[in-house]
Amino acid sequence: MSSQTSSHKPRVAVVFGGRSSEHGISVVTAGAVMRAIDREKYDVLPIGITTDGRWALTADDPERMAIADRQLPTVAALAESAEGGVVLPVDPTNREIVYTEPGSVPKALGEVDVVFPVLHGPYGEDGTLQGLLELSGVPYVGSGVLASAVGQDKDYMKRVFTSFGLPVGPYEVIRPREWEKDSAAARKKIVDFAGDHGWPLFVKPARAGSSIGITKVDDLAGLDEAIEEARRHDPKVIVEALLRGREIECGVLEFEDGPRASVPAEIPPVTAHDFYDFEAKYIDSADGIVPAPLTPEQTAEVQRLAVEAFEAASCEGLVRADFFLQDNGEFVINEINTLPGFTPISMYPRMWQESGVSYPELIDRLLQAALTRSTGLR
């Protein structure tokens, strides 16, 4: 921890944007988080990562970080300079952040006490940024390297859940070398899977989020196009069987006595979209039902499973766990998000709001937990 006086306010670096296809929604999330941080209690340093990986100093202007005219904001539009870069030293004895511009003397921006990463997808949510922060010795909000990586990779996530006895739906994985070496054999693998589990199938990038790159495939004719669309976002592809039932989500938040689950929410069927895709989530803002209309027994069961998933993947801080409540009454876990969206319509803060934890209190709790947690093995 940096040296502090009694009057020192912890300095929070909100890091957002990033190189993944979820760049824009990360900027929106960051704007919502920055609006909610108590400026009487914390100093805020916004740092945006452009789509080409440059760490940029950005304006502290959450109002410019919202969706406008169905368009997502970008770090490039918020950056104070088209060339300047922020440098975080990989040195646990030095938390001094430096800003450099070509032809200018580097400028010290001061020390950072905690990082709030609101990057979604690869190069942010997948353990890469968490590894950098571990090397730097800077505390950060959310899960560590392993849990972040597991939470990003749907293949290994499901393997971990299965090993812990959590209910997982049928799936198949096409690894990069399989497709590149013998696409016909890889295609047959999926066709055989469809023979066992039926059409339609969902073809997804294995390590992306926000429903980006996902295609619902109704028959063999659309399969190749769906695979290529998924591979535009990730060379590793996961194929999942259709699970008939209700979509239920549950938030997990780490308290002093351990993780607790929120009231669950239900994502109702979306009529204007084939499934709950990116546009339904963020542009057309499908309305979730909070709390979900479940029996007390169903609510208790999904809360138990959400906390078990949090523990199985060694998560920290927060998780949103997504389930299907099948027609036979059984829950199946679809996935977890270790850095779920914090946009004004995002389900995670809405579930905690309904559970008695306000948005500003949620942000404060996450920051305080990060400030008291050490980096390194724990």
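The structure reproduced in this document is the subject of the present report. (Residues numbered from 1 in each chain as written. Predicted model: local features only at pLDDT ≥ 70, side-chain atom pairs only at ≥ 80, totals over all residues. Heavy atoms only, no water.)

### Focus: the sheet that holds strand 2 (residues 43-49)
Here comes step 1: One open sheet accounts for four strands, arranged 3-2-1-7; its pairing is mixed. The two strands at the open ends of the sheet, each matched to only one other strand, are strand 3 (55-57) and strand 7 (114-117). With strand direction ignored, the average angle separating the axes of adjacent strands in the sheet is 30°.
Here comes step 2: The sheet contacts of helix 1 (residues 23-36) involve strand 1 (11-17), strand 2 and strand 7, and relative to strand 1 the element is tilted by about 155°. (Pairing = 2+ DSSP bridges. Helix = DSSP H or I, 4+ residues; strand = E, 2+ residues; numbered from the N terminus. Axes fitted to C-alpha atoms, helices over the stretch in contact; angles between N-to-C directions. Contact = heavy atoms within 4.5 Å.)

### Points about the pairing of strand 2
Here comes step 1: A large share of strand 2 lies buried, amounting to six of its seven residues.
Here comes step 2: Strand direction decides the pairing type here: strand 1 and strand 2, joined by seven bridges, are parallel. Bridged to Phe16 within strand 2 is Gly48.
Here comes step 3: Read as a crossover between parallel neighbours, the route from strand 1 over helix 1 to strand 2 is right-handed.
Here comes step 4: Of the pairings in the sheet, the one linking strand 2 to strand 3 comprises three bridges and is antiparallel in character. (Buried < 20%, exposed > 50% of the residue type's maximum accessible area, 1.4 Å probe, protein only. Right-handed = clockwise from strand over helix to strand, strands pointing away.)

### Concerning the packing of aromatic side chains
Here comes step 1: Scanning all chains against the criterion turns up five aromatic pairs.
Here comes step 2: Summarising the aromatic geometry, the rings of Phe342 and Tyr359 are spaced 6.2 Å apart at their centres and angled 20° between planes, so their arrangement reads as stacked. Pair noted here: Phe342 is in the loop between strand 16 (331-337) and helix 11 (347-354) and Tyr359 is in helix 12 (residues 359-372), with a separation of 17 residues, a long-range link. We note that Phe342, like Tyr359, is buried.
Here comes step 3: The ring of Tyr123 carries Arg19 above its face, with NZ or CZ at 3.9 Å from the centroid.
Here comes step 4: Stacked on the ring of Phe255, the Lys or Arg Arg260 has its end atom at 3.9 Å from the ring centre. (Phe/Tyr/Trp six-rings, centres within 6.5 Å; stacked < 30°, edge-to-face > 60°. Lys NZ or Arg CZ within 6 Å of the ring centre and 35° of its normal.)

### Here we look at unusual backbone geometry
Here comes step 1: Of the consecutive residues Trp199 and Pro200, the connecting peptide bond is found in the cis state with omega at -5°.
Here comes step 2: Relative to the assigned elements, Pro200 resides in the loop between helix 7 (183-197) and strand 9 (201-205).
Here comes step 3: At the junction of Val290 and Pro291, the peptide bond is cis and its omega measures out at -5° in the coordinates.
Here comes step 4: Mapped onto the secondary structure, Pro291 falls in the loop between helix 9 (278-283) and helix 10 (296-312).
Here comes step 5: The phi torsion at Ser314 lies on the positive side, around 60°, for a residue other than glycine.
Here comes step 6: Relative accessible area serves as the criterion here: at 42%, Ser314 is assigned to the partly exposed category.

### Focus on the pairing of strand 9
Here comes step 1: Among the five residues of strand 9, five are classified as buried, and the element is accordingly described as predominantly covered.
Here comes step 2: Residue alternation in strand 9 divides its side chains into two sets, Leu201, Val203 and Pro205 and Phe202 and Lys204, and both sets are buried.

### Regarding the pattern of salt bridges
Here comes step 1: Evaluation of the coordinates by the stated rule reveals 29 salt bridges.
Here comes step 2: Between Asp60 and Arg39 there is a salt bridge, with the nearest N and O atoms lying 2.7 Å from each other. Of this pair, Asp60 sits in the loop between strand 3 and helix 2 (75-78) while Arg39 sits in the loop between helix 1 and strand 2, placing them 21 residues apart in sequence.
Here comes step 3: Looking at Arg39, the relative accessible area reads 33%, which means it is partly exposed.
Here comes step 4: Ionic pairing is found between Asp322 and Arg320, a salt bridge with its closest N-O pair at 2.8 Å.
Here comes step 5: With a relative accessible area of 8%, Asp322 lands in the buried category.
Here comes step 6: Each of Glu134, Glu254, Glu316, Arg373 and Arg378 takes part in a single network of salt bridges with overlapping partners. (Salt bridge = Lys/Arg side-chain N within 4 Å of Asp/Glu carboxyl O.)

### What about the environment of Glu111?
Here comes step 1: Within the secondary structure, Glu111 sits in strand 6 (residues 107-111).
Here comes step 2: Here the alpha-carbon distance between Glu111 and Pro200, two residues 89 residues apart in the chain, equals 52 Å.

### Details of the packing of helix 1 against helix 12
Here comes step 1: Packing of helix 1 against helix 12 brings their axes to within 9 Å, and their N-to-C directions diverge by 95°. In terms of orientation, helix 1 and helix 12 fall into the roughly perpendicular class. Of the residues in helix 12, those in contact with Ala32, Val33 and Ala36 of helix 1 are Tyr359, Pro360 and Ile363. (Parallel < 35°, antiparallel > 145°, perpendicular 65-115°, else oblique.)

### Observations concerning the sheet that holds strand 5 (residues 96-100)
Here comes step 1: If you walk across this open sheet you meet the three strands as 4-5-6, and the pairing is antiparallel. What marks the edges here is a single partner per strand, and that holds for strand 4 (85-87) and strand 6. The mean angle between the axes of side-by-side strands here comes to 25°, regardless of whether they run parallel or antiparallel.
Here comes step 2: Where strand 4 lies against strand 5, three bridges are found, and the strand directions are antiparallel. The partner of Val87 across the bridge, within strand 5, is Val98.

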